[in-house]
Amino acid sequence: MEFSSFLFTLLLFSLNISPLTSLVSAHGTNHEDFLKCLSYQMNHNTVESKVIHTSKDSSFFSILDSSIQNPRFSVSETPKPVSIITPVKASDVQTVIRCARLHGIHVRTRSAGHCYEGLSYIAYNKPFVVIDMRNLRSISLDVDNRTGWVQTGATAGELYYEIGKITKTLAFPAGIHPTVGVGGQFSGGGYGTLLRKYGLAADNIIDALVVDASGRILDRQAMGEEYFWAIRGGGGSSFGVILSWKIKLVDVPSTITVFKVKKTSNKEAVRIVNKWQYVADKVPDDLFIRTTLERSNKNAVHALFTGLYLGPANNLLALMEEKFPELGLETEGCKEMSWVESVLWFADFHKGESLGVLTNRERTSQSFKGKDDFVQEPIPEAAIQELWRRLDVPEARLAKIILTPFGGKMSEIAEHETPFPHREGNLYEIQYVSYWSEEEDKNITGTNKYLKWVDSVYEHMTPYVSKSPRGAYVNFMDMDLGMYLGKKKTKYEEGKSWGVKYFKNNFERLVRVKTSVDPTDFFCDEQSIPLLNKVT
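Just so it is clear, the model here is predicted, and its values are computed rather than measured.

(A) Layout of the sheet that holds strand S1 (residues 52–54). The sheet built from four strands is open, its strands ordered S1-S2-S4-S3 with mixed pairing. The open sheet terminates on both sides in strands that have one partner only, identified here as S1 and strand S3 (106–110). Between one strand axis and the next, the sheet turns through 25° on average, direction left out of account. Looking at chain direction, S1 and strand S2 (residues 83–85) are connected through three bridges and run antiparallel. Residue pairing for S2: Thr 54 is matched across the bridge by Ser 83.

(B) Broad picture of the pattern of salt bridges. Counted according to the given criterion, the structure contains 37 salt bridges. The shortest N-O distance in the salt bridge between Lys 514 and Asp 518 comes to 2.7 Å. Under the relative-accessibility criterion, Lys 514 is labelled buried at 0%. The shortest N-O distance in the salt bridge between Lys 514 and Asp 521 comes to 3.3 Å. Each of Arg 72, Glu 117, Lys 369, Lys 371, Asp 455, Asp 478 and Asp 480 takes part in salt bridges that share partners, so that together they form one network.

(C) Focus on helix H6 (residues 90–103). The first and last C-alpha atoms of H6 sit 21 Å apart over 14 residues, in line with the 20 Å expected at 1.5 Å per residue. Taken as a whole, H6 has its buried residues at Asp 92, Val 93, Gln 94, Thr 95, Val 96, Ile 97, Cys 99, Ala 100 and His 103. The first or second residue beyond H6 is Gly 104, which carries a positive phi of 70°.

(D) Fine view of the packing of helix H12 (residues 266–279) against helix H15 (residues 381–391). One way to put it is that H12 packs onto H15 with a least axis distance of 9 Å and a crossing angle of 125°. Accordingly, the angle class assigned to the pair H12 and H15 is oblique. For the crossing formed where H12 meets H15, the hand is right-handed. Facing H12, whose interface residues are Asn 266, Ala 269, Val 270, Arg 271, Val 273, Asn 274 and Gln 277, H15 presents Glu 381, Ile 384, Gln 385 and Trp 388. Residue classes in the contact of H12 with H15 are distributed as five nonpolar, four polar and two charged.

Definitions and limits used
Residues numbered from 1 in each chain as written. Predicted model: local features only at pLDDT ≥ 70, side-chain atom pairs only at ≥ 80, totals over all residues. Heavy atoms only, no water. Pairing = 2+ DSSP bridges. Helix = DSSP H or I, 4+ residues; strand = E, 2+ residues; numbered from the N terminus. Axes fitted to C-alpha atoms, helices over the stretch in contact; angles between N-to-C directions. Salt bridge = Lys/Arg side-chain N within 4 Å of Asp/Glu carboxyl O. Buried < 20%, exposed > 50% of the residue type's maximum accessible area, 1.4 Å probe, protein only. Expected span 1.5 Å × (residues − 1). Parallel < 35°, antiparallel > 145°, perpendicular 65-115°, else oblique. Left-handed = near helix turned anticlockwise from the far one by under 90°. Contact = heavy atoms within 4.5 Å. Nonpolar A, V, L, I, M, F, W, Y, C, P; charged D, E, K, R; others polar.

Distances and angles like these do not, on their own, reveal function.
Below you can see the structure in the form of structure tokens.
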């Protein structure tokens with residue numbers, strides 16, 4: 001079932017989603033028994049008081065809100081957990097899973113709270129607890145062997161900081177935004193400026209520790225290759241609670257070059273974006289050029305070309321003159337720096353900021369809604385012009401349309417090697433994101449115009465993007481693609497309708513793994529991988 005952002009919002013209200021008070025009263029006994037189970041199993045009152053947080057605690061709502069990175073899900077109407085668990089060691093997670101299964105409590109796991117649809121801290125029409133991994137965030141790097149263990153409560157920024165402290169010639173190919181947690185990001189794929197050189201974060205994971213539905217801690221050898229395959233791109237929340245990843249660090253030169261070129265003329269910008277489509281996925285894989293269409297100071301539309309080159313500026317300039325002279329990159333527009341400094345630069349930190357800012361976990365103040373597509377043939381110049389026009393309206397004053405080039409390593413990895421299938425044949429991924437102020441969320445009718453804008457752009461792009469299925473990236477989760485409603489279909493039939501968009505042919509394999517490792521469907525959400533032919 002597929003429907004618009006606006007209709008999805010209306011659906012939640014029509015379902016009369018229960019707020020915290022009614023959930024607690026309706027399921028109070030289960031929750032009380034669950035808490036007693038936790039207390040008995042943990043059997044250490046001092047730590048327990050720091051781990052278990054209920055709505056009676058003064059810190060409950062501050063802990064809940066601190067990692068809600070899309071404020072549209074922090075409004076009073078949003079369902080709230082009956083408790084939040086902040087484990088301090090792996091056995092705490094095991095205890096939560098065992099007690100939750102015993103007493104019928106649903107579980108959500110939150111790394112840093114960036115899920116596009118809030119499903120790491122929201123469940124609809126069922127009592128649930130949030131396992132917030134914030135205290136499990138240690139990072140241990142082995143530079144000699146070019147590996148590291150990263151707990152899933154850590155953010156990408158914290159990982160980059162630890163790498164940058166000890167080396168200028170190693171990196172990790174994860175996302176651009178430093179506050180995103182590694183738990184959800186890596187389990188869904190995870191990409192940034194190094195994707196054309198080294199692929200996804202998930203492509204560079206070599207081991208993991210997972211708590212399964214029985215409460216066991218499993219490493220790669222214990223879980224088996226099928227289970228390990230599924231959590232590296234299939235979304236970890238369908239299969240267990242991932243405690244930590246073992247990553248493979250990658251080589252980068254000590255000097256890299258970044259650049260930013262802005263085009264404000266409509267005619268020139270559209271022409272250069274059109275040319276970008278023909279070169280960005282074909283240039284050497286040392287070069288990454290992302291294109292963003294957005295508004296300047298909430299006013300005129302512009303195109304921004306942002307790039308990273310694994311090498312010195314003089315080599316970059318020669319390459320650009322050969323492959324993409326239309327952009328007009330000049331020496332003054334290039335900046336040489338280390339890879340970890342480029343992380344700060346791409347995240348728009350002010351010049352001179354210390355690496356320590358990468359460890360900040362601040363909460364965003366902007367709400368958003370996003371959708372995405374994969375483009376397999378250059379879209380007509382007239383379609384680019386129409387995207388430009390659609391940004392030049394009041395409801396798009398903070399919106400962005402982001403074009404991320406593929407090719408390089410992304411085309412070398414087969415579709416079936418990890419659950420992320422969008423590989424060879426895709427020129428770029430395009431994302432449509434609308435932003436608005438948190439204050440506007442107090443009036444639902446006021447925010448509908450932003451949701452409708454995203455829907456309209458998505459609809460406009462229908463003829464130009466991947467088909468049968470129309471692809472989507474699971475880390476840019478979109479509930480408009482469908483959600484489990486349990487109406488005249490099995491859960492498998494419902495889940496397949498959006499599952500093939502995220503995973504293409506890998507969906508069936510994910511279903512088989514899910515059915516094998518979690519046969520009771522304990523780890524589930526509104527878009528999770530279903531069991532084979534299970535009725536909702």
